[in-house]
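# Observations on the model geometry
Chain by chain, the residues:
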Amino acid sequence: EITEHLEGAEQERDQRLQEERDARSGVAECQRTLDAARVRQKELSEREPTWRDLATRAEHLADKLGRSVASLPELQAARDVVTRRLPEAKAHEASLVERRERLHAEARELLAAGGPFDAELLRLKDALGADLLATAFEDASLEDAGVLEAQLGPLVQALVVNDPLEAATQVHDRSESLPEVWFVGRDEDVAQLGAAAPSQDPETADVVVFEQRATRVTRIPDRPRLGRKAREIRAAQLRAEADELDGQIEVARSDRRSLERFAADGEALLAGQTVWLGGDPAPELTAVRRQLVEVEAQQEIYRAASSRHRAAARQLRPRVAALR
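Quick caveat, the model's predicted, so the values are computed rather than measured.

This part covers the overall build of the chain. Check the secondary structure of the chain and you find nine helices and six strands. Among the 324 residues that make up the chain, the fraction classed as buried is 34%. Partitioning the contacts of the chain with sequence separation of at least 6, the portion at a separation of at least 24 is 79%. Surface exposure of the chain reaches about 19800 Å², of which carbon and sulfur atoms provide 50%.

This next bit is on the pattern of salt bridges. With the rule as written, the count across this model stands at 25 salt bridges. As a salt-bridge pair, Arg-324 and Glu-10 come within 2.8 Å of each other at their nearest N and O atoms. Separated by 314 residues along the polypeptide, Arg-324 in the segment after α9 (282-323) and Glu-10 in helix α1 (residues 2-65) bring together distant segments of the chain. Arg-324 sits in the exposed class, given a relative accessible area of 64%.

With that settled, consider the nonpolar core. Of all hydrophobic cores here, the largest spans 16 residues; its most connected members are Leu-61, Leu-65, Val-69, Leu-269 and Trp-276. Elements supplying a minimum of two residues to this core: α1, α2 (72-112) and α7 (228-271). Looking at this core, the element that brings in the most residues is α2, giving six residues. Ala-130, Leu-132, Leu-159 and Val-161 belong to the second largest nonpolar core, which has 10 residues in total.

So, about the side chain of Ser-306. One can find Ser-306 in helix α9. Beyond its immediate chain neighbours, meaning those up to four positions away, Ser-306 contacts Glu-20, Ala-23 and Arg-24.

Bringing the side chain of Gln-299 into the picture now. Residue position: Gln-299 is located in helix α9. Of the residues examined, Gln-299 reaches a relative accessible area of 4% and is grouped as buried. Not counting chain neighbours up to four residues away, the residues in contact with Gln-299 comprise Val-27, Cys-30, Gln-31 and Leu-34.

What follows deals with the sheet that holds strand β3 (residues 183-185). Reading across from one edge, β1-β2-β3 is the order of the three strands in this open sheet, with mixed pairing throughout. The open sheet has two edge strands, β1 (131-132) and β3, and neither has a second partner.

Tracing the sequence through the fold places Ala-305 in helix α9. Measuring from C-alpha to C-alpha, the distance between Ala-305 and Arg-21 comes to 10.0 Å, with 284 residues separating the pair along the chain.

Before going further, it helps to spend a moment on helix α3 (residues 119-128). When we look at burial in α3, the residues that qualify are Glu-120, Leu-121, Leu-124 and Lys-125. Taken end-on, α3 shows its buried residues confined to a sector of 145 degrees, consistent with a single buried face. Across α3 from its buried face, at more than 90 degrees, point the exposed residues Ala-119, Asp-126 and Ala-127. Following α3 by one or two positions, Gly-129 adopts a phi angle in the positive range, close to 65 degrees.

Relative orientation of the contacting elements α1 and α9 amounts to 160 degrees, with a least axis distance of 6 Å. On the basis of the axis angle, α1 is roughly antiparallel to α9. When you trace α1 past α9, the crossing you get is left-handed. Per-class residue counts for the contact of α1 with α9 are 22 nonpolar, 11 polar and 17 charged.

Criteria and cut-off values
- Positions within a chain are numbered from 1, following the residues in the order the chain's sequence is written.
- Reporting in this predicted model follows two pLDDT cut-offs: at least 70 for local features of residues, and 80 or more for side-chain atom pairs to be given and counted; totals over whole chains, interfaces and linings ignore these cut-offs and use all residues.
- Side-chain descriptors were evaluated using all non-hydrogen atoms of the structure, hydrogens and water having been removed beforehand.
- Secondary structure elements are defined from DSSP: runs of H or I of at least 4 residues count as helices, runs of E of at least 2 residues count as strands, and each element is numbered from the N terminus.
- Exposure categories follow from relative accessible area, calculated using a 1.4 Å probe and restricted to protein chains: below 20% of the type maximum is buried, above 50% is exposed, and the middle band is partly exposed.
- By definition, residues are in contact when any of their heavy atoms lie within 4.5 Å.
- Per-residue accessibility takes into account occlusion by the displayed protein chains alone, with areas from the Shrake-Rupley method and a 1.4 Å probe.
- Salt bridges, as used here, are contacts in which a Lys or Arg side-chain nitrogen is within 4 Å of a carboxyl oxygen on Asp or Glu.
- Note on terminology: a nonpolar core comprises buried Ala, Val, Leu, Ile, Met, Phe, Trp, Tyr and Cys residues joined through side-chain atoms within 4.5 Å.
- What makes two strands pair is DSSP finding at least two bridges between them.
- This arc is taken over the directions from the axis of the helix to the C-beta atoms.
- Comment: axis = line fitted to C-alpha atoms, over the contacting stretch for helices; angle = value between 0 and 180 degrees taken between N-to-C directions.
- The scheme is simple: roughly parallel for angles under 35 degrees, roughly antiparallel for over 145, roughly perpendicular for 65 to 115, oblique for anything else.
- Each helix crossing is assigned a hand: it is left-handed if the near helix lies turned anticlockwise from the far helix by less than a right angle, otherwise right-handed if that turn is clockwise.
- Residues were grouped as follows: Ala, Val, Leu, Ile, Met, Phe, Trp, Tyr, Cys and Pro as nonpolar; Asp, Glu, Lys and Arg as charged; and all remaining residues, including Gly, as polar.

See below:
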């Protein structure tokens, strides 16, 4: 009877020891699984924001181009579209900017075309209380101003005074920069000075004027001084037209910048194609996190079982010794 009890106690002890070894093996296996899962979790956690950024780029590219971008061939096709459109967008923007600058330049040239008159001439004008003859033709049209100025010749610089003879006696002390001065009486019909129809040579853009004792040939100026009001009106129109281009330029600039961003998106997708085409790591990351929780719980169960079986085996030792 003692022998039977001894064999039973020894079998129970051996079973407890084996169960402790199995539990320790389970703890070790759980630890290996946990180590691998944590490495995978780190990899997926690092890859997820990169994939999210690339996926957003691909979605943005697909929405703006109106085509699918979900594979390498589709990405290449989208990049070809952007590569073709970007130079066109840049050229369109540049042409609008150039046109706007040209309009502003033309407006500035129109406003600057009327002067300046010689400073010494302006000093004499103020000293004599005279007027510039050119002010009588401020309403001349842009088309007529050049021909009218060529017809007037040196009279464009003339001063309108009450008595030309008296005024002539008061300018002897003028500067050497003003070798000649032209005077027109206030009673003179200045409008008639440019009323005669001169002979115009269309090939040379000259005006031939038959004066009292000679024939004068004068080149029609590209920037006539006469017709100031007409120039100001035209300059205002040019500036308004240039201002209207601002909105178009802004749209063109926005389109160009969008295409540049598309090009950058395409380059980023091409460089990160392994991560991008690898798919969303979020589901796997969720599964790995769930696995970590489950394996950690299982590991704790194995540890508790190991402690329990070891304690039970230890409690059986006095009984086995007593039975022996």
